[in-house]
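Listed here are the chains, written in short residue letters.
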Amino acid sequence: NLPVVAVVGRPNVGKSTLVNRILGRREAVVEDVPGVTRDRVFYEAEWAGRDFWLVDTGGWEEKVEGIAYSVAQQAEVAVELADVVMFVVDANVGITTTDEQMLKVLRRTDHPVVLVANKVDDARGELEAAALWNLGMGEPYPVSALHGRGSGDLLDAVLRVL
Ligand code: GDP
Ligand code: MG
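Calculation criteria
- Residues numbered from 1 in each chain as written.
- Chains lettered and ligands numbered in written order.
- Predicted model: local features only at pLDDT ≥ 70, side-chain atom pairs only at ≥ 80, totals over all residues.
- Buried ≥ 20, exposed ≤ 12 C-beta atoms within 10 Å, placed from the backbone.
- Helix = DSSP H or I, 4+ residues; strand = E, 2+ residues; numbered from the N terminus.
- Pairing = 2+ DSSP bridges.
- Axes fitted to C-alpha atoms, helices over the stretch in contact; angles between N-to-C directions.

Engineer: Could you give an account of helix α1 (residues 15-23), with specific residues and numbers?
Structural biologist: Extensive coverage of α1 is indicated by the burial of 8 of its 9 residues. Buried residues of α1: Lys15, Ser16, Thr17, Leu18, Val19, Asn20, Arg21 and Ile22, and no others. Immediately beyond the C-terminal end of α1, within one or two residues, lies Gly24, with a positive phi of roughly 75°.

As structure tokens, then:
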């Protein structure tokens with residue numbers, strides 16, 4: 001009965017890429033076209049000697065209509081099953097209305113939420129990531145799921161609240 005870390009966020013922010021980065025292998029399906037992740041895929045992961053389930057969410061991506069409702073519902077399910085939620089946003093794009101739908105759900109939970117500012121591939125992106133302090137979701141962790149930048153600090157932060 002391992003603790004559960006769920007990775008949530010709107011399509012294309014890099015959830016599956018982050019899952020692969022954490023696993024250290026390519027298992028989660030990454031696509032340039034949003035909408036390919038199957039619903040709630042569990043992977044056994046390890047960091048700093050601790051084992052946990054890593055959940056790649058995104059099944060709602062298939063339902064193009066009513067996306068706001070689906071997003072909120074997905075967040076709801078993830079929050080319920082997770083001990084810690086990683087909320088992934090694209091730091092280069094900033095917060096969209098779809099992100100906002102998810103935030104509404106995440107703000108209500110008393111489960112810890114770790115804010116992930118993804119696609120910070122170099123130091124220039126740090127400023128956009130820091131702007132996410134304004135969300136009131138705590139410290140935004142700048143990472144590049146693609147290149148690995150910042151992922152160790154992120155995982156340390158997740159384990160601290162796990
Ligand atoms: P998901 O829909 O949230 O699971 O997103 P994916 O993991 O499938 O990634 C969507 C796209 O964003 C793919 O083209 C990835 O290569 C790209 N991507 C993911 N993480 C990063 C990152 O850290 N930096 C950059 N530049 N691209 C990324
Ligand atoms: Mg995905």
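So, next bit.
Engineer: Tell me about the sheet that holds strand β1 (residues 4-8), and name the residues and values.
Structural biologist: An order of β2-β3-β1-β4-β5-β6 is seen for the 6 strands of this open sheet, with the pairing classed as mixed. The outermost strands of the open sheet, each flanked by one partner alone, are β2 (41-47) and β6 (140-142). Averaged over all pairs of adjacent strands, the angle between strand axes in this sheet comes to 30°, irrespective of strand direction. Alignment of strand β5 (residues 113-118) against β6, held across 3 bridges, turns out to be parallel. Note on β6: the bridge partner recorded for Ala117 is Pro142.

Engineer: Explain unusual backbone geometry to me, using residue names and the numbers behind them.
Structural biologist: If you check the backbone angles, Asn12 has positive phi at about 80° while not being a glycine. Its location among the elements puts Asn12 in the loop between β1 and α1. Of note in the backbone geometry, Lys119 takes a positive phi value of approximately 70° without being a glycine. Inspection of the secondary structure assignment puts Lys119 in the loop between β5 and α4 (126-130). Residue Lys119 is classed as buried on the basis of its 24 C-beta neighbours within 10 Å.

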